[in-house]
Amino acid sequence: MKKTKFAVLFTALVAMLGLSSCLSDPDPYVTNTNFFKVASTFPVSFKDALGIKLMPTNQNIFTTTNVDLNDLALVQYRYDSRNVSQTTKEVDAEVLAFVPVKKIESNKTIDLENNSPMKEVDRNYTFFDTKTLIVAVSYNYKKSSDQNAMVAELNKHRFYVVEEEPKDGGTVNEKVLNLQLVHSVPDPEANKDRKDEGKEYRYIDLNGVLNGRVPEIIRISYKVKSYSDENKLEDVNMPLEIKYKEFVDRFEGK
């Protein structure tokens with residue numbers, strides 16, 4: 001398979017999640033696709049949520065611009081099962097493809113205008129651990145056959161989450177954490193030319209918004225293009241709702 005770099009962040013690679021050991025590898029080789037945290041950048045290594053380290057045998061596919069320490073990555077890899085047991089803590093593997101998964105900032109000092117519509121926040125979210133939520137975000141961008149122009153366009157799209165204030169001066173509902181996912185671009189006047197839909201994975205470090213709380217529900221709202229006026233944004237009708245406390249209790253074996 002062609003080695004994957006930054007530009008292939010979008011819809012085609014989302015299908016990688018469906019790939020697993022069912023691929024037609026001759027025994028004893030196994031192919032899997034999982035989310036990992038970048039454990040080191042020289043040499044590049046990854047760790048899964050259980051702490052098992054993945055050591056790529058083909059280090060030449062990585063560059064200093066596509067792997068950042070402590071960020072996440074969606075990695076498709078192939079390993080020899082004869083070298084793995086129940087006590088294995090480190091696995092040598094050939095990385096067939098990988099997609100960097102960048103962070104959605106939650107810093108309250110960030111002041112970006114929510115000026116570009118989302119298409120969707122996929123309801124098929126996942127957790128890396130109890131404090132790291134991975135979501136697939138869809139939005140429009142302007143496709144280009146020039147790779148530099150394409151990278152420049154993708155870099156314009158910034159995301160962050162902020163806790164919503166209670167409406168009409170109401171009190172905070174401790175059982176529900178309401179977040180707004182902000183999508184901002186420096187040139188909103190170019191949104192009319194962004195007609196290609198793409199999807200990419202991003203992660204939220206929930207430590208930045210939970211502040212020690214364990215709410216029953218995390219509700220993530222975002223802006224979409226208005227049906228009545230395409231030049232305006234409006235709140236999505238059905239925000240993403242996550243039964244967070246139920247997940248935490250299950251994760252911790254309660």
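Residues numbered from 1 in each chain as written. Predicted model: local features only at pLDDT ≥ 70, side-chain atom pairs only at ≥ 80, totals over all residues. Heavy atoms only, no water.

Caption draft 1: The arrangement of the pairing of strand β11 (residues 196-205) in detail. Taking burial as the measure, the 10 residues of β11 include seven buried ones, the bulk of the element. Bridging between strand β5 (residues 90-104) and β11 involves three bridges; their strand directions are parallel. Paired with Lys 103 across the strands is Tyr 203, a residue of β11. (Buried < 20%, exposed > 50% of the residue type's maximum accessible area, 1.4 Å probe, protein only. Helix = DSSP H or I, 4+ residues; strand = E, 2+ residues; numbered from the N terminus. Pairing = 2+ DSSP bridges.)

Caption draft 2: Layout of empty space enclosed by the protein. One pass over the structure, following the stated rule, counts two cavities of 30 Å³ or more. By volume, the largest cavity amounts to about 50 Å³. Together, Val 38, Phe 46, Asn 66, Val 67, Asp 68, Asp 71, Leu 72, Ala 73, Phe 98, Pro 100, Val 101 and Lys 102 line the largest cavity. Listing elements by their share of the lining of the largest cavity, those giving two or more residues are β4 (72-80) and β5. Here the lining of the largest cavity gets four residues from one element, more than from any other, and that element is β5. (1 Å grid on protein atoms, 1.4 Å probe; cavity = no way out; pocket = protein on both sides within 12 Å on 5 of 7 lines; lining within 4 Å. Points joined across faces, edges and corners; volume = space filled by probe spheres on them.)

Caption draft 3: Structural view of the layout of surface pockets. One number sums up the size of the largest pocket: a volume of about 620 Å³. Looking at the largest pocket, it is lined by 26 residues, and the ones nearest its centre are Pro 117, Lys 225, Glu 230, Lys 232 and Leu 233. Contributions of two or more residues to the lining of the largest pocket are made by β6 (118-121), β12 (217-225) and β13 (233-235). Within the lining of the largest pocket, the residues separate by chemical class into eight nonpolar, eight polar and 10 charged. What lines the second largest pocket is a set of 21 residues, and nearest its centre among them are Glu 163, Glu 164, Glu 165, Pro 166 and Asn 178. By residue number, the principal contributor to the lining of the second largest pocket is strand β10 (residues 176-184), which donates five residues. Here the lining of the second largest pocket is built from residues that sort into eight nonpolar, five polar and eight charged. (Nonpolar A, V, L, I, M, F, W, Y, C, P; charged D, E, K, R; others polar.)

Caption draft 4: Layout of the nonpolar core. In this structure, Val 121, Leu 133, Val 137, Leu 181, Leu 206, Ile 218 and Ile 220 are the most contacted members of the largest nonpolar core, which totals 30 residues. In contact with Leu 206, not counting residues within four places along its chain, are Phe 127, Thr 130, Lys 131, Leu 133, Ile 218 and Tyr 244. The next biggest cluster of nonpolar side chains, apart from the first, holds 17 residues, and it includes Val 44, Phe 62, Val 67 and Tyr 79. (Core = buried A, V, L, I, M, F, W, Y, C linked by side-chain atoms within 4.5 Å. Contact = heavy atoms within 4.5 Å.)

Caption draft 5: Geometry of the confidence of the model for the protein. This prediction gives the protein a mean pLDDT of 86; 86% of its residues lie at or above 70. Per-residue pLDDT, averaged within each element of the protein, yields its smallest value for helix α1 (residues 11-14) (39) and its largest for strand β14 (residues 240-243) (97). Counting interchain partners and residues more than four positions distant, the pLDDT-below-50 stretch residues 1-21 has 55 contacts. (pLDDT = per-residue confidence, 0-100.)

Caption draft 6: How the structure looks around the packing of aromatic side chains. All told, the structure shown has 11 aromatic pairs when counted by the stated rule. On the basis of an interplanar angle of 90° and a centroid distance of 6.1 Å, the ring pair of Tyr 125 and Phe 127 is categorised as edge-to-face. In this structure Phe 127 comes out as buried when scored by relative accessible area, which is 14%. The ring centre of Tyr 29 lies 4.4 Å from the NZ or CZ of Arg 78, which sits over that ring. (Phe/Tyr/Trp six-rings, centres within 6.5 Å; stacked < 30°, edge-to-face > 60°. Lys NZ or Arg CZ within 6 Å of the ring centre and 35° of its normal.)

Caption draft 7: Focus on a positive patch on the surface. Together, Lys 119, Lys 142, Lys 192, Lys 195 and Lys 225 make up a region of like positive charge exposed at the surface. You can see Lys 119 is positioned in strand β6. Using a relative accessible area of 42% as the deciding quantity, one classes Lys 119 as partly exposed. (Patch = residues over 30% accessible without salt bridge, like charges linked within 9 Å, V, L, I, M, F, W, Y side chains within 5 Å. Areas by Shrake-Rupley, 256 points an atom, 1.4 Å probe, with all protein chains shown as cover. Salt bridge = Lys/Arg side-chain N within 4 Å of Asp/Glu carboxyl O. Lys, Arg positive; Asp, Glu negative; His and termini not counted. Charge placed at Lys NZ, Arg CZ, Asp CG, Glu CD.)

Caption draft 8: Molecular detail of the side chain of His 157. Tracing the backbone shows His 157 in the loop between α2 (147-155) and β9 (158-163). Every residue in contact with His 157, bar those within four places of it in the chain, is listed here: Tyr 139, Asn 140, Tyr 141, His 183, Ser 184, Val 185, Arg 194 and Arg 202.

Caption draft 9: Unusual backbone geometry, seen in detail. The step from Phe 42 to Pro 43 runs through a cis peptide bond, and the omega angle for that step is -5°. Phi angles above zero are rare outside glycine, and Asn 70 is one such case at about 75°. Along the chain, Asn 70 falls in the loop between β3 (53-56) and β4. We classify Asn 70 as partly exposed; its relative accessible area is 47%.

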